[in-house]
Amino acid sequence: MPNATYTFPPDFKWGVATSSHQVEGNNENNQWAAWEQETGRIKQGHQAGRACDWWEHAEEDFDRAAALGLNSLRLSIEWSRVEPEPGKFDEDALERYREMLQGLLERGLEPMVTLHHFSNPLWLEKQGGWLNIGAIAYFDRYVERVVRALGEQTTLWCTINEPNVYAVMGYLQGLFPPGQQDFKAMRIVLRHLLRAHGVAYRTIHRLQPAARVGLAHNLHIFDPAKPGNLLDRLAAGGLDLSFNRSILNAVWKGWWTLPLGFGPAWSLHHTLDWIGLNYYTRALVSFDCGARDTLYGRLSHAPDAELLDGGYGELYPEGLERALLRMARLGIPIYITENGIPDSDDDQRPRALLLHLHRLWRVLQGNFPIQGYYHWTLVDNFEWADGWTQRFGLIGLDPETGERTPRPSADLYAAVAKGNAITPELLDAYAPELREVLLPQ
Ligand code: IFM
């Protein structure tokens, strides 16, 4: 019989995750800023604009994160600020990041620093972005500079966020810049990103032997719509191989698998000190010979599923447990580098948060080395092609005025982090209907 209080390990990291372009504001020198100027690219013509104003006032949100009782925060460095022109580094920008990381440390928040989270300097984009093999060496030069500048403030590095999402959205679905729909290009971009990860892994360790270096992988669950149908199973398996397994095979086994290629990727072998899991939702897959963009799998959701805002998918907390158990096979530490839902009126988030954290707790009972959980996200931020239409924040933001309004979920997450546990009292206060589901009767 499990105890009615679900307690987490004593040194567990409770955090929130963000990325530079989504929160800093006034990033005008990257490919997203240019993309936002083009008509029809972003829902309702939204732009990141001042975003959450972190470049000027991040510390005010750091205070909010500390007040929630968190002990870590994941943010990313904006390459276009640090290296606005090829080879020209901006010492003031690096100093601002140093100040931000120092601000986190002073508030008891361990920084996790992502080096690439979807945005590229415009000069790189003009040279073909990650289609250009030269991007790998450029990235390495930038990484070296950042690690030299910020190495006193952190040893916890995430090289690249969601290489699969970056490549698929930008080069297959065409919804992110540069808006291409070209399978071959998608494959090349993904290979270059993974090779850049491998190079960065070694560079960071050369400069900082104590570094802990990982990569944040978006593991999307693909289940056959009809498990008894062989074609559905093949289509789901093909998507899983392409979107999930091929990435993990490359950076852990050092082996390219389809669609990335076939054969050794020795320089990538074991280039992870930890793996980051970004988990959001799952899709059901039916074989469809017309669905070329999604490798002949038509995506849908379970007929009885509870759906998330704005077509984001289904609420499927079990997927977090499944994804963690898959990643645990690597045998290395795991961070949940992102998990959350879009929910502007917070009518699903408290329950969703409790259900996901309960799944996490269940996996922890197997003594798997899960080090921390980073909720996506602290304050509503610019949600890429969805602009400001999707609200992932524990704290709501009016992007016009900058006014922040904490949602009930913020108090709930604070109570879990401060108590390091899910208690029956929290279930009663935030989602009484879960008492039946989560507590032994
Ligand atoms: O906002 C994004 C983030 O940048 C990458 N992972 C998914 C989040 C929510 O869609």
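Note that the structure is a prediction, hence the values are computed from the model and not measured.

Q: Can you walk me through the overall build of the protein in this structure?
A: Helix and strand counts for the protein stand at 15 helices and 17 strands. Here the C-alpha atoms of the protein give a radius of gyration of 21 Å, agreeing with the 22 Å that 2.2 N^0.38 yields for 441 residues. The principal-axis extent of the C-alpha atoms belonging to the protein is close to 65 × 55 × 45 Å. Here the analysis covers contacts within the protein between residues at least 6 apart in sequence; of these, 73% occur between residues at least 24 apart. For the protein, the exposed surface amounts to about 17,000 Å²; the carbon and sulfur share of it is 51%.

Q: For this particular structure, what's the right way to read the nonpolar core?
A: Residues Trp14, Trp130, Phe139, Tyr142 and Leu360 are the most contacted members of the largest nonpolar core, which totals 134 residues. Among the elements that line this core, the one with the most residues is helix 9 (residues 183-207), at 10 residues. Once you skip the residues sitting within four places of it in the chain, Trp14 turns out to touch Phe8, Leu70, Asn71, Ser72, Leu357, Tyr373, Tyr413, Val416, Ala417 and Asn420.

Q: Would you explain the site of the ligand in this entry?
A: If you check the shell around the ligand, you find Gln22, His117, Phe118, Asn161, Glu162, Tyr280, Tyr312, Glu338, Trp376, Glu383, Trp384 and Phe392 and nothing else. Here an oxygen atom of the ligand sits 3.4 Å away from a polar atom, N or O, in the side chain of Trp376. Across the complex, the protein chains shield 96% of the 280 Å² of accessible surface that the ligand would expose by itself. Of the residues assigned to the shell around the ligand, the class counts are six nonpolar, three polar and three charged.

Q: Looking at this model, I keep getting lost on the packing of helix 3 (residues 54-67) against helix 5 (residues 91-106). Mind explaining?
A: Working note: a packed helix pair is described by the angle between its axes plus the distance between those axes. As a packed pair, helix 3 and helix 5 sit with axes 10 Å apart at the nearest point and diverge in direction by 5 degrees. Accordingly, the angle class assigned to the pair helix 3 and helix 5 is roughly parallel. Packed against helix 3, whose contacting residues are Trp54, Trp55, Glu56, His57, Ala58, Glu59 and Phe62, the element helix 5 presents Ala93, Arg96, Tyr97, Glu99, Met100, Gly103 and Leu104 at the interface. Taken together, the residues of the contact of helix 3 with helix 5 break down into eight nonpolar, two polar and four charged.

Q: For this particular structure, what's the right way to read a nonpolar patch on the surface?
A: On the surface, a cluster of nonpolar side chains totalling about 490 Å² of accessible area is made up of Leu230, Leu231, Leu234, Phe287 and Tyr296. Ranked by residues supplied to the nonpolar patch, first place goes to helix 10 (residues 230-253) with three residues. Residue placement: Leu234 occurs in helix 10.

Q: Can you walk me through the side chain of Arg282 in this structure?
A: When you line up the elements, Arg282 lands in strand 11 (residues 282-287). For Arg282, a relative accessible area of 14% translates into the label buried. A distance of 2.7 Å separates a polar atom in the side chain of Arg282 from a polar atom in the side chain of Asp223. Separated by 3.1 Å, the side chains of Arg282 and Glu314 make a polar contact. For Arg282, the contacting residues outside a window of four places in its chain are His220, Ile221, Asp223, Ala302, Glu314, Tyr316 and Arg322.

Q: In this structure, what is going on with the sheet that holds strand 3 (residues 72-76)? I would like to understand it.
A: Strand pairing within a sheet occurs via backbone hydrogen bonds; the two strands may be parallel or antiparallel. Pairing within the closed barrel is parallel, and its eight strands lie in the order 2-3-4-5-6-10-13-14. This sheet shows a mean twist of 25 degrees between the axes of neighbouring strands, independent of strand direction. Across five bridges, the pairing between strand 10 (residues 274-279) and strand 13 (residues 334-339) is parallel. Bridge assignment links Leu277 to a residue of strand 13, and that residue is Ile336. Across the sheet, helix 8 (residues 163-171) is in contact with strand 4 (110-116), strand 5 (156-161) and strand 6 (212-218); its angle to strand 6 comes to roughly 40 degrees.

Q: In this structure, what is going on with the packing of helix 8 against helix 10? I would like to understand it.
A: Between helix 8 and helix 10, whose axes approach to 10 Å, the crossing angle comes to 140 degrees. Regarding the angle of helix 8 to helix 10, the classification is oblique. In the packing of helix 8 onto helix 10, the handedness of the crossing is right-handed. Along the contact surface, helix 8 presents Asn164, Val165 and Val168, while helix 10 presents Phe243, Asn244 and Ile247.

Q: Where do I start with unusual backbone geometry in this structure?
A: The general pattern is negative phi for most residues beyond glycine and trans for most peptide bonds. That bond from Pro177 to Pro178 is cis: its omega, 10 degrees, falls within 30 degrees of zero. Within the fold, Pro178 resides in the loop between helix 8 and helix 9. Geometrically, the link from Leu258 to Pro259 is a cis peptide bond, its omega value of 5 degrees lying close to zero. Along the polypeptide, Pro259 turns up in the loop between strand 8 (255-256) and strand 9 (263-264). Positioned with a positive phi, Tyr296 is a non-glycine residue whose angle comes to about 70 degrees. Following the sequence through the fold, Tyr296 ends up in the loop between strand 11 and strand 12 (297-300). Positive phi is not limited to glycine here, since Asn367 has a value of about 60 degrees. Mapped onto the secondary structure, Asn367 falls in the loop between helix 12 (349-364) and strand 14 (370-375).

Q: Please explain the packing of aromatic side chains as it appears in this structure.
A: For any pair of aromatic rings, the description rests on two quantities: the centre-to-centre distance and the angle between the ring planes. Counted according to the given criterion, the structure contains 31 aromatic pairs. Note on Phe8 and Trp14: the rings are 4.9 Å apart at their centroids and 80 degrees apart in plane angle, and the pair reads as edge-to-face. By relative accessible area, Phe8 is classed as buried at 3%. Since its relative accessible area comes to 1%, Trp14 is described here as buried. Measuring from ring centre to ring centre gives 5.8 Å for Tyr280 and Tyr312, while their planes differ by 75 degrees; the resulting arrangement is edge-to-face. Taken together, the residues Tyr280 in the loop between strand 10 and strand 11 and Tyr312 in the loop between strand 12 and helix 11 (318-328) connect sequence positions 32 residues apart. On the basis of relative accessible area, Tyr312 is assigned to the partly exposed category, the value being 24%. Cluster of aromatic residues (ring-pair linked, three or more members): Trp79, Trp123, Trp130, Tyr138, Phe139 and Tyr142. Above the face of the Trp55 ring, Arg81 is positioned so that its terminal group lies 3.9 Å from the ring centre. The ring of Trp256 carries Arg191 above its face, with NZ or CZ at 4.2 Å from the centroid.

Q: Is there a simple way to think about helix 7 (residues 134-150) in this case?
A: Along an α-helix, a turn takes 3.6 residues, which lines up residues three or four apart on a common side. With 17 residues, helix 7 extends 25 Å between its outermost C-alpha atoms, agreeing within 8% with the 24 Å of an ideal straight helix rising 1.5 Å per residue. Buried residues of helix 7: Ala135, Ile136, Phe139, Asp140, Tyr142, Val143, Val146, Val147, Ala149 and Leu150, and no others.

Parameters and conventions
- Residue positions are given per chain, counted from 1 along the sequence in the order it is written.
- In view of the model being predicted, local features appear only for residues whose pLDDT reaches at least 70, and side-chain atom pairs are presented and counted only at 80 or more, with totals across whole chains, interfaces and linings using the full set of residues.
- Working from all heavy atoms in the structure, the side-chain values ignore hydrogens and water.
- In DSSP terms, a helix is any run of H or I states spanning at least four residues, a strand is any run of E spanning at least two, and both are numbered starting from the N terminus.
- Each radius of gyration reported is based on C-alpha atoms, and the globular scaling rule is 2.2 Å times the count of residues to the power 0.38.
- Any two residues having at least one pair of non-hydrogen atoms within 4.5 Å are treated as being in contact.
- Residue exposure ignores everything except the shown protein chains as possible cover, and the areas themselves are Shrake-Rupley values with a 1.4 Å probe.
- For our purposes a nonpolar core is just a set of buried Ala, Val, Leu, Ile, Met, Phe, Trp, Tyr and Cys residues, chained together by side-chain atoms within 4.5 Å.
- Think of it in three bands: with a 1.4 Å probe and only protein chains considered, a residue is buried below 20% of the maximum accessible area for its type, exposed above 50%, and partly exposed in between.
- One heavy atom within 4 Å of a molecule or strand is enough for the residue carrying it to be called near that molecule or strand.
- Side-chain atoms alone can form a polar contact between residues adjacent in sequence; in general such a contact is a pair of N or O atoms within 3.5 Å, and within protein one must be able to donate a hydrogen while the other accepts it.
- For this classification, the nonpolar set comprises Ala, Val, Leu, Ile, Met, Phe, Trp, Tyr, Cys and Pro, the charged set comprises Asp, Glu, Lys and Arg, and every other residue, Gly included, is treated as polar.
- For helices, the axis comes from a line fit to the C-alpha atoms of the stretch in contact; other axes are also lines fit to C-alpha atoms, and the angle between any two N-to-C directions lies between 0 and 180 degrees.
- Put simply, angles under 35 degrees are roughly parallel, angles over 145 are roughly antiparallel, angles from 65 to 115 are roughly perpendicular, and the rest are oblique.
- For patches, a residue must show more than 30% relative accessible area and have no salt bridge; joins then use 9 Å for like charges and 5 Å for nonpolar side chains, namely Val, Leu, Ile, Met, Phe, Trp and Tyr.
- Any carboxyl oxygen of Asp or Glu that lies within 4 Å of a side-chain nitrogen of Lys or Arg is treated as forming a salt bridge with it.
- Here, any two strands with at least 2 DSSP bridges between them count as paired.
- Left-handed describes a crossing whose near helix is turned anticlockwise from the far helix by less than a right angle; the clockwise case is right-handed.
- Under the pairing criterion, centres of Phe, Tyr and Trp rings, with the six-membered ring standing for Trp, must be within 6.5 Å; the plane angle then separates stacked pairs below 30 degrees from edge-to-face pairs above 60, leaving the rest tilted.
- Should the NZ of a Lys or the CZ of an Arg lie within 6 Å of a ring centre and within 35 degrees of the ring normal, that charge is described as sitting over the ring.
- Residue count minus one, scaled by 1.5 Å, sets the expected span of a helix.

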